[in-house]
Number of protein chains: 2
Amino acid sequence: MSTANSLAVEDLGSAAQRDRRKRILDATIQLASQGGFDAVQMRAVAERADVALGTLYRYFPSKIHLLVSALQREFERTETAMRERPVEGDTAAERVITALKRTTRGMQSDPQLTEALTRAFMFADASVATEIHQVGMLLTSMLTRAMYPEGHDELTEEDVAIARVIGDVWLSALVGWVTGRTSAAETGQQIEVAVRLLLRD
Amino acid sequence: MSTANSLAVEDLGSAAQRDRRKRILDATIQLASQGGFDAVQMRAVAERADVALGTLYRYFPSKIHLLVSALQREFERTETAMRERPVEGDTAAERVITALKRTTRGMQSDPQLTEALTRAFMFADASVATEIHQVGMLLTSMLTRAMYPEGHDELTEEDVAIARVIGDVWLSALVGWVTGRTSAAETGQQIEVAVRLLLRD
DNA sequence: TCTAAAATAGGAACACGTTCCACTTTGGTT
DNA sequence: AACCAAAGTGGAACGTGTTCCTATTTTAGA
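Residues numbered from 1 in each chain as written. Chains lettered and ligands numbered in written order. Predicted model: local features only at pLDDT ≥ 70, side-chain atom pairs only at ≥ 80, totals over all residues. Heavy atoms only, no water.

**Q** Residue-level account of the protein's contact with DNA strand D, with values.
**A** Within the structure, DNA strand D sits among 17 residues, and A:Arg43, A:Lys63, B:Ala52, B:Thr55 and B:Tyr59 are positioned closest to it. In DNA strand D, atoms within 4 Å of the protein come 67% from sugar and phosphate. A distance of 2.6 Å separates a phosphate oxygen of DNA strand D from a polar side-chain atom of B:Thr55. A distance of 2.7 Å is found between a phosphate oxygen of DNA strand D and a side-chain nitrogen or oxygen belonging to B:Tyr59. Breaking the surface near DNA strand D down by element, the ones donating at least two residues are helix H2 (42-48) and helix H3 (53-59) of chain A together with helix H3 (53-59) of chain B. Here the surface near DNA strand D gets 3 residues from one element, more than from any other, and that element is H3(B). (Near = heavy atom within 4 Å. Polar contact = N/O pair within 3.5 Å; in protein donor to acceptor, adjacent residues only side chain to side chain. Helix = DSSP H or I, 4+ residues; strand = E, 2+ residues; numbered from the N terminus.)

**Q** Please provide a residue-by-residue account of the relation of the copies chain B and chain A, values included.
**A** Note on the copies: chain B fits chain A at an RMSD of 0.1 Å, the axial shift is 0.0 Å, and the rotation between them is 179 degrees. Taken together, the rotation angle and the small translation identify this as a two-fold axis. With an isologous cut-off of 70% or more, the 100% of interface residues of chain B that recur at the interface of chain A puts this contact in the isologous class. (Least-squares fit on C-alpha atoms with pLDDT ≥ 70 in both. Contact = heavy atoms within 4.5 Å.)

**Q** Describe the interface of chain B and chain A, listing the residues and the values that go with them.
**A** Many descriptions give the size of an interface as the accessible area lost when the pieces come together. Taken together, the contact between chain B and chain A spans 23 residues of the former and 24 residues of the latter. Carbon and sulfur atoms supply 65% of the area that chain B and chain A bury against each other, a total of about 2500 Å² over both sides. Of all residues in chain B, the largest losses of buried area upon contact with chain A belong to B:Met122, B:Phe123 and B:Leu197, amounting jointly to 24% of the total for that side. At the junction of chain B and chain A, the tally comes to 0 salt bridges. Our enumeration of links across chain B and chain A arrives at 4 residue pairs in polar contact (both at pLDDT 80 or more). Of all the secondary-structure elements, those providing two or more residues to the side of chain B that touches chain A are helix H6 (111-123), helix H8 (157-178) and helix H9 (184-198) of chain B. (Buried area = accessible area lost by both parts, 1.4 Å probe. Salt bridge = Lys/Arg side-chain N within 4 Å of Asp/Glu carboxyl O.)

**Q** Give me helix H5 (residues 92-108) of chain B: which residues, what numbers.
**A** Residue and element names in this part refer to chain B. The first and last C-alpha atoms of H5 sit 24 Å apart over 17 residues, in line with the 24 Å expected at 1.5 Å per residue. Restricting attention to buried positions, one finds in H5 the residues Ala-92, Ala-93, Arg-95, Val-96, Ile-97, Ala-99, Leu-100, Thr-103, Thr-104, Met-107 and Gln-108. On its buried face, H5 is in contact with helix H4 (63-84), H6, helix H7 (129-147), H8 and H9. (Expected span 1.5 Å × (residues − 1). Buried < 20%, exposed > 50% of the residue type's maximum accessible area, 1.4 Å probe, protein only.)

**Q** Tell me about the packing of aromatic side chains, and name the residues and values.
**A** Per the counting criterion, the structure on display carries 5 aromatic pairs over all chains. Residues A:Phe123 and B:Phe37 carry aromatic rings whose centres are separated by 5.4 Å and whose planes lie at 75 degrees to one another, so their mutual orientation is edge-to-face. Linking A:Phe123 in helix H6 (residues 111-123) with B:Phe37 in helix H1 (residues 15-39), this pair reaches from one chain into another. Its relative accessible area of 14% is what places A:Phe123 among the buried residues. Aromatic side chains A:Phe123 and B:Phe123 sit 4.3 Å apart centroid to centroid with 40 degrees between the ring planes, which places their arrangement in the tilted category. Highlighted residues: A:Phe123 in helix H6 and B:Phe123 in helix H6, drawn from two different chains. We note that A:Phe123, like B:Phe123, is buried. (Phe/Tyr/Trp six-rings, centres within 6.5 Å; stacked < 30°, edge-to-face > 60°.)

**Q** With reference to specific residues and values, describe the pattern of salt bridges.
**A** Residues and elements named next belong to chain A. For the structure on display, the rule yields 18 salt bridges over all chains. Measuring nitrogen to oxygen at the nearest pair gives 2.9 Å for the salt bridge that ties Arg-145 to Glu-79. With Arg-145 in helix H7 (residues 129-147) and Glu-79 in helix H4 (residues 63-84), this residue pair connects regions lying 66 residues apart in the sequence. On the basis of relative accessibility, which here comes to 24%, the residue Arg-145 falls in the partly exposed class.

**Q** Explain the packing of helix H1 (residues 15-39) of chain A against H6(A) to me, and be specific about the residues and the numbers.
**A** Residue and element names in this part refer to chain A. Where H1 meets H6, the closest approach of the two axes is 6 Å, and the angle between their N-to-C directions is 95 degrees. Accordingly, the angle class assigned to the pair H1 and H6 is roughly perpendicular. Counted together, Ile-29, Ala-32, Ser-33, Gln-34, Gly-35, Gly-36 and Phe-37 of H1 and Gln-112, Leu-113, Glu-115, Ala-116, Arg-119 and Ala-120 of H6 form the full contact between these two elements. Residues belonging to the contact of H1 with H6 are distributed by class as follows: 6 nonpolar, 5 polar and 2 charged. (Axes fitted to C-alpha atoms, helices over the stretch in contact; angles between N-to-C directions. Parallel < 35°, antiparallel > 145°, perpendicular 65-115°, else oblique. Nonpolar A, V, L, I, M, F, W, Y, C, P; charged D, E, K, R; others polar.)

**Q** Please provide a residue-by-residue account of the packing of H6(B) against H8(B), values included.
**A** All names here are of chain B. Close contact between H6 and H8 brings their axes to 10 Å; oriented N to C, the two are set at 125 degrees. As far as their axial angle goes, H8 and H6 are oblique. When you trace H6 past H8, the crossing you get is left-handed. Of the residues in H8, those touching H6 at Pro-111, Thr-114, Glu-115, Thr-118, Arg-119, Phe-121 and Met-122 are Leu-171, Leu-174, Val-175, Trp-177 and Val-178. For the contact of H6 with H8, the per-class residue count stands at 8 nonpolar, 2 polar and 2 charged. (Left-handed = near helix turned anticlockwise from the far one by under 90°.)

**Q** Before we move on, could you go through the protein's contact with DNA strand C and cite the residues and values that matter?
**A** DNA strand C sits among 16 residues. The nearest are A:Ala52, A:Thr55, A:Tyr59, B:Arg43 and B:Lys63. By atom count, sugar and phosphate contribute 67% of the portion of DNA strand C lying within 4 Å of the protein. Put simply, the parts of the chain that give the surface near DNA strand C at least two residues each are H3 of chain A together with helix H2 (42-48) and H3 of chain B. In terms of residue count, H3(A) provides more of the surface near DNA strand C than any other element does, 3 residues in total. Here the residues of the surface near DNA strand C sort into 7 nonpolar, 3 polar and 6 charged.

As C-alpha cells, this is what we get:
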C-alpha cells in the first residue's frame, strides 16, 4: 500500500493507520479481559476504539481475525519478555516446564482474556491461516529456545518435533482449562508430565 | 423422566423420543457432511428432521451441543468397530499409529463432516463438559486398548498419561488439517512422530 | 494549491443462533 | 371415556456478526 519504505513483510501503513490498529486491538483486549469472548462485540470494539464499524472490518475481516491478531500481539510481548529474561534450569525439561508454567500463570491471571483468545484460536478456520501460523512459530521458537538457551543452531528434526508436540499438549491443556474441564493445577500437571515424557535426559 | 425401567445412566425416554433424537442427529450429520459447520443451521436441521425448532432446542440446547452429540455418536461407532476388529502390529507404537491413521483416514474421507464436528468440539465451553468428557474417555480407551490389546488391566499412570498426550497431539493435528494448515500427509507424519517419541520400546 | 483516490463515518439491512409464546397433540392415570 | 401434564408445533422476535451504501474527510501526487 505505502509506496516506499516498507521495512519487511509487514506493511503497517501510515502513522494514523498504525494508531487506529493499536486502538482497535487495545479495545479488544479490554473488552475480552472484562467479559471474555462474548463481550468482544464488534459494535462495542468499534465504539471503544472510536472507529466506525466498517473501518473495524477494513482492518480485521472478522471477529476471529481480530481476536487472533490480538493474541498474536500479546504473544509477541510474551516472547520478547522471555527472550530478555530467559528461564533458568539445569536440564531442558526443567527450563521448558518453567517457561510454560510462567506463561500459563500469566494467562490464568486474566481468565476472561485467555478464554477469549484461546477460543478464537481454536475456532479459526483456513482464512486465518497466516496469523495462526505466526503464533505457532512464536510458540515453537519459545520452546526450542528454552530447550537450547545458548543459541545452539543445531536444531535436529527431532528437537523441532518435540517442541511441536509439547506445544500441542500445552494448547490442549489450555483449552481444557478455558472450558472448565480441568483446574489450573491439573493443567500444570498435564504439561509437566508431557514434558518429562518427551525430554528425559 | 420415565417412571421405571431406566437401564443405566442414560435415560433416552420413549421410543418416539429416541426416534426424534435419531432423526435430528441424522439430519445433523447429513447437513454437516454436505456443507460443514456453517451448513448445520438449526432451522435446516429442524426441517430435515421434521421437527419444530423449539423441539430441536428441547433435545439439544445449542448448536454446539448438537454437533458434539453427533460427534459422540460417530465416535462410539468407531470405537465399537475398533473393538470388534482390533489393530494388528508387533509393538504398541505400531498399533497406536495404525489405529490413529485408520481413524484419521476415515475422517478425512468426509472432510466437511470432520470440519463441522472438530470445530464444534474445539469451540465447546463448560456447558458441554459432559459430552466432551465422554468423547475424551472414548479416545483414551481406544488408545490404551491399542497399546495393550490383551486386556492388560495393569494400566500405569504413565500409560494413561502417554495416551492422553497422544490424544492431544491427534486433536491438534486434526485441527490443523481441518483448518487447512496441514495436509493429510503431514497430519499422519505428525502423529507418527509423536507416537514414536512417546512409545519407544 | 488543487484534485482524484483512498479511507472513514454513520447507519440500515440481512443472516442465523436463540428465546418465547399461544395453541395443539400425545400418552398415561383415574 | 375423560382429563391433565408433558411434549410438540409454528412462527414471531431479538441479539450479534457481517455486509452494504452514501456522504464526508484525509491523503498523496501533479
